[in-house]
Structures are given as C-alpha cells and as structure tokens.
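# A closer look at the structure
Listed below are the residues making up each chain.
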Amino acid sequence: MRDETAGGTGVPAVEMRGIDKSFPGVLALRSVQFDLYPGEVHALMGENGAGKSTLMKIMTGVYQRDAGEMKVFGTPVTISGPRAAQDLGIGIIHQELHLMNHLTVAQNIYIGREPRKGFGMFVDEAKMNADAAALFARMKVNIDPRTEVGTLTVAKQQLVEIAKALSFNSRVLIMDEPTSALNETEVAHLFAIIADLKAQGVGLVYITHKMDEVFQIADRVTVMRDGQYIQTLPAKGTTMNTIISLMVGRELADATRAPAFTGTEEALRVTKLNRGKAVRDVSFVLRKGEILGFAGLMGAGRTEVARAIFGADTPDSGEIFIHGQKRRIGSPQDAVKAGLAYLSEDRKQFGLVTPMTVRENVTMASWPRFTKGRVWMQDAAMTRTAKDYVDLLKVKTPGVEQETRLLSGGNQQKVVIAKWLLRDCDILFFDEPTRGIDIGAKAEIYKLLQGLADQGKAIVVISSELPEILRLSHRVIVMCEGRITGELDGPTATQEQIMTLATQRHRAA
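To keep things clear, this report deals only with the structure shown in the data block. Predicted model only: the values in this text are computed from it and were never measured.

### So, the overall build of the protein
In terms of regular secondary structure, the protein is built from 17 helices and 24 strands. Projecting the C-alpha coordinates of the protein onto the three principal axes gives extents of approximately 70 × 55 × 45 Å. Within the protein, the fraction of its 509 residues that count as buried is 52%. The long-range fraction of contacts in the protein, counting pairs at least 24 apart against all pairs at least 6 apart in sequence, stands at 67%. With 62 positive and 59 negative side-chain charges, the protein shows a spacing of 3 Å between the two charge centroids.

Quick look at the structure:
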C-alpha cells in the first residue's frame, strides 16, 4: 500500500525510498519508504519486529542498506557509520540511555570532542561547561553542566542525551520510546522541548507504542508491518482504531484457535506482585491444563513478571501460591523445586550451554538423579533418557552427542523444553517461545505446547506475536507499563482488542 500524504513543503530533511535489508535467513525490510520534513514530528508505528529499528539503524549508519536510495536535504547519501550520520546532522536518542554516570554532564555531552587549550594538551573545562550551558539554554532547561550524571533523575539524563545530540548540530532527531521511564510531569516537559525544537526547524522521528502521545505531538504517522511500509497518514483526523488496524492487519497464519477452557483446578495464583516500576500490583490465576497468554508491547513488564515469580529477580511485595500452598521463592532453585520452569526468551544465554551436547543439556536440570554416591554421572542412563526425549519431541539431530550449538533454532528450543519436561515441572513459563524460529518449527512448537496442556501442564506463554497469542491461549492477559490492563477470552479475542489494551497507559484492571 502506498500513500503520498504530504508532510510539508520544500525539500525533505530525510527521504528514503525502496529500502531493502536482509540478514542471514531473514528479509528485515522490503521496499520501505519514509520521509521527514524540517520542523515536523513524524511518528513511526508498528508492532515489535515490524522493522522500525532496522530502518532507523540504516538512517543512522549502524546498518547499510541492500537496496534503495536515501537523500538528506535533497542530496543522495551513503551513510557509512554513526559518525557519518552525525556529520550529516542526524542524531538518535535511544530508549536505553548511553551515558557514563561517573562523568559530569558536560563531559558526557562532549566526550571525545572536548575543547582544548594549551596547544591542545589540556581540556578546556570552562569552555566545555559554557558550551553545554548554551545547549541547555536553547532547550530552556536548567541543568548544571558540572553535575555528575549519576546523580540526575532519568528524566534529566534523557535531557542530557538530547543536548548531546544537538551538540552535533542535529537537524534530524530520532527519539525511540523517549517517555518509557518518565512520569506525567516529565512527559509534559519533554513535549514542550519537542515543540521548541520543531519551531527551530528540527525534524523529529518519534517511535512509540503509546497512542495518546502520537495524537498529542505528531504531525504525521507512518505504519510498518512485517518489514514493509503500509501507509502514511496525517495525525489530525486519524483515529486510534485506524492505526491499530494498520499495525495488525495481516491474516492469522492458521485459523485454528484454542478451544474454550473449562478447567477449574488452580496450579498457580499470584497476588499483588510488585517490583519497582516494571511490575505493579500484578495478580492472576493459572489453572491446570490451561495456556495463559501474556500480551503487551515492549517494556510492558511481561518478562519481569515471569522473572519475579521464578526467583530470578526479587519482588518488592506479593504472594505466590502453588497448588493452593503459599510458597516463598527466593531463587530459581526454589522455583524448580516447587515445580516451576522458565524458558527464557534468550535460550542461548539462559536456556542452554551451547558448546555442550544434546545429552548434557537435556539432563542438566536433573543431574542429581544420575549420580552415584555424589561422585560420578551415570552416562548410560543419561544417554538413554536423552534419546527418549529426543524421540518424544522429534528433535532433529544426528545423535545425543551432537553439540547443541550445531542445531537449528527450533531444535535448540526443543532441547530446552526437554530439559524441563525431564525435571517434571508442571508449571511452565515460555517467554517468546518461537523467536528466531522458522514457520515450520513454530507449528511443531505450537503442537507441543498444546499437547503439554492436554496432559495437565499449566502454561504461561509470553509473546510479542499477536497471532501466536491468539492461536495458543485459552485466556489472554494484557499488560502496559507494568500493570495488567485487561483480560480477554482467548477463543474470541481479537488483535485489535489486545492492541487497544496494550496502549492504555493509565488503566489498571
């Protein structure tokens, strides 16, 4: 779909046409277009994985495009790296702040570019502080350049990042989820700064999942989906439902949905779980044989809930009941003993020891049962058991002595599942279970999860893929900014309903 909605008059600050980008086995961007005019805020919207970050990394020189053209103020350019982008006046403020807490504000802004005196032998601290103060005056911000960054609030640290970007004379500024850690007063202040930058002719790309912000500050909205450009619309006169429909407009890969769930036996109850701003007053029930989907956008707090329950992070407060019994889970070891398993979204870092064999990974969580006199492993028993689970889960491997790093992503995921099934955990958390897995392997994982639920296992699935959530879940819990904003019946839930709840910042169910 193509839309020629004009964003302004004159020459665009940035113009991108026909942008393609591939990584091994993945077509990340296909014929994407985007433009930005001086003095406008252009919101870039899309689900996680839509391609927004990849496009911005091409604009800022982190990635090189495979095809297409890019112009900056009408001049064709090839941006070889981040410094080349800065030299062209393109700056970015990342969601994760890149500051050094032990240095002063001015030192952070001008690191590597400090003004010099004494034939270049000494840093001119006075000039550096004065230059930083001038930047803050331009932004109408009161921050002492001599202050150590680590003593500032997150909101003020973000203002330092903006000042740092402006110190490169940025005419284009990319903001990636800039309000994710700000309160209402701080958001209002940031929006005032954005309005001033617009008035000065700076073009801003604004990446956010928060619909209310888009309608407050954006002039235009571009929607991406599955690595493709979908449409550009004026923010004024466009509705939230229109944007959500464009973001989630693809058809479900498989129309099969989880059936209505009638079980009543509780496996897990979580009451008023809190951990900082990431998890706020979260309560839910999970029943035997049920697949409970956790949906939400990046930073919603879904993974943080799982980690707090599993003992990987220490909650501030809350109660956990397993099969009706209150349990104190202070560590992952406590969780495993209580019958909980957590399959991390990063299976290679937290789920597997990839240089080790399939046999060793499958039996890793159950090694005590394969020891004699606490001295040596029963290799034959480990081998037989590993083979049984490889056959059960249809793991494609030459044998159980194969190094796990040589397996495909889908088969590595099956090895992680085998590890926890052998441990006989009956409450399983799957965090992004099919991330990086091809379509065929996804279908196998879906079938496996449904089979586990049929056996009475209680399962939580955390996924950023809405079709996946809808296909698997008997119920869907939606989160936004650490809170549960709604609960939906899985068989009748829609992507639009989930996205609406996932962007309701102030609602607590």
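### Observations regarding the nonpolar core
Counting residues in hydrophobic clusters, the biggest one holds 68 residues, and the most contacted among them are F284, L340 and W420. A per-element tally of this core places helix α14 (residues 409–422) first, with seven residues. L173, L182, A218 and V248 belong to the second-largest nonpolar core, a separate cluster that totals 64 residues.

### Some thoughts on helix α8 (residues 240–247)
Looking only at α8, the buried set comprises I243, I244, L246 and M247. Along the axis of α8, the buried residues cluster in a sector spanning 160°; they form a single face.

### Here's the deal with the pattern of salt bridges
A full pass over the atoms with the stated rule returns 17 salt bridges. A salt bridge links R475 to E290; the nearest nitrogen and oxygen atoms lie 2.6 Å apart. On the criterion of sequence distance, the pair formed by R475 in strand β23 (residues 475–480) and E290 in the loop between β14 (279–287) and β15 (291–295) is long-range, its members being 185 residues apart. With relative accessibility at 1%, the residue E290 sits in the buried group. One salt bridge in this structure joins D313 and R307, with 2.8 Å as the shortest N-O distance.

### Re the sheet that holds β23
Two strands in a sheet stick together by hydrogen bonds in their backbones, pointing the same way (parallel) or opposite ways (antiparallel). Spatial ordering of the open sheet is given by β18-β21-β22-β15-β23-β24, a layout of six strands whose pairing is mixed. Each end of this open sheet is capped by a strand with a single partner; those strands are β18 (340–343) and β24 (483–489). Going across the sheet, the axis of each strand differs from the next one's by a mean of 20°, ignoring polarity. Where β18 and strand β21 (residues 427–431) come together, four bridges link them in parallel fashion. Considered in β21, the bridge of L343 is made with F430.

### Considerations on the side chain of D35
Relative to the assigned elements, D35 resides in strand β2 (residues 26–36). Looking at D35, the relative accessible area reads 12%, which means it is buried. Only 2.8 Å separates the side chain of D35 from the side chain of R220, close enough to count as a polar contact. If sequence neighbours within four positions are ignored, D35 has contacts with P12, V14, E15, R17, E40, H42 and R220.

### Observations concerning the environment of K447
Looking at the secondary structure, you find K447 in helix α15 (residues 439–454). The sequence separation of K447 and L472 amounts to 25 residues, and the corresponding C-alpha distance is 9.2 Å.

### Considerations on the pairing of β24
Side chains on a regular strand alternate between the two faces of the sheet. The pairing of β23 with β24 spans six bridges and is antiparallel. Bridge pairing links R475 to D489 in β24. From the end of β23 to the start of β24, which pair antiparallel, there are two residues, and E481 there has a positive phi angle of about 50°.

### Topic: the sheet that holds β14
Spatial strand order, β14-β13-β16-β17: four strands in an open sheet with antiparallel pairing. In this open sheet, the two edge strands, each paired with only one partner strand, are β14 and β17 (325–327). For this sheet the average axis-to-axis angle between neighbouring strands, irrespective of direction, equals 20°. Sheet strands in contact with helix α9 (residues 302–310) are β13 (266–275), β14 and β16 (317–322), and its direction is about 75° off that of β14.

Cut-offs applied
- Residues numbered from 1 in each chain as written.
- Predicted model: local features only at pLDDT ≥ 70, side-chain atom pairs only at ≥ 80, totals over all residues.
- Heavy atoms only, no water.
- Helix = DSSP H or I, 4+ residues; strand = E, 2+ residues; numbered from the N terminus.
- Buried < 20%, exposed > 50% of the residue type's maximum accessible area, 1.4 Å probe, protein only.
- Contact = heavy atoms within 4.5 Å.
- Lys, Arg positive; Asp, Glu negative; His and termini not counted.
- Charge placed at Lys NZ, Arg CZ, Asp CG, Glu CD.
- Core = buried A, V, L, I, M, F, W, Y, C linked by side-chain atoms within 4.5 Å.
- Arc of directions from axis to C-beta.
- Salt bridge = Lys/Arg side-chain N within 4 Å of Asp/Glu carboxyl O.
- Pairing = 2+ DSSP bridges.
- Axes fitted to C-alpha atoms, helices over the stretch in contact; angles between N-to-C directions.
- Polar contact = N/O pair within 3.5 Å; in protein donor to acceptor, adjacent residues only side chain to side chain.

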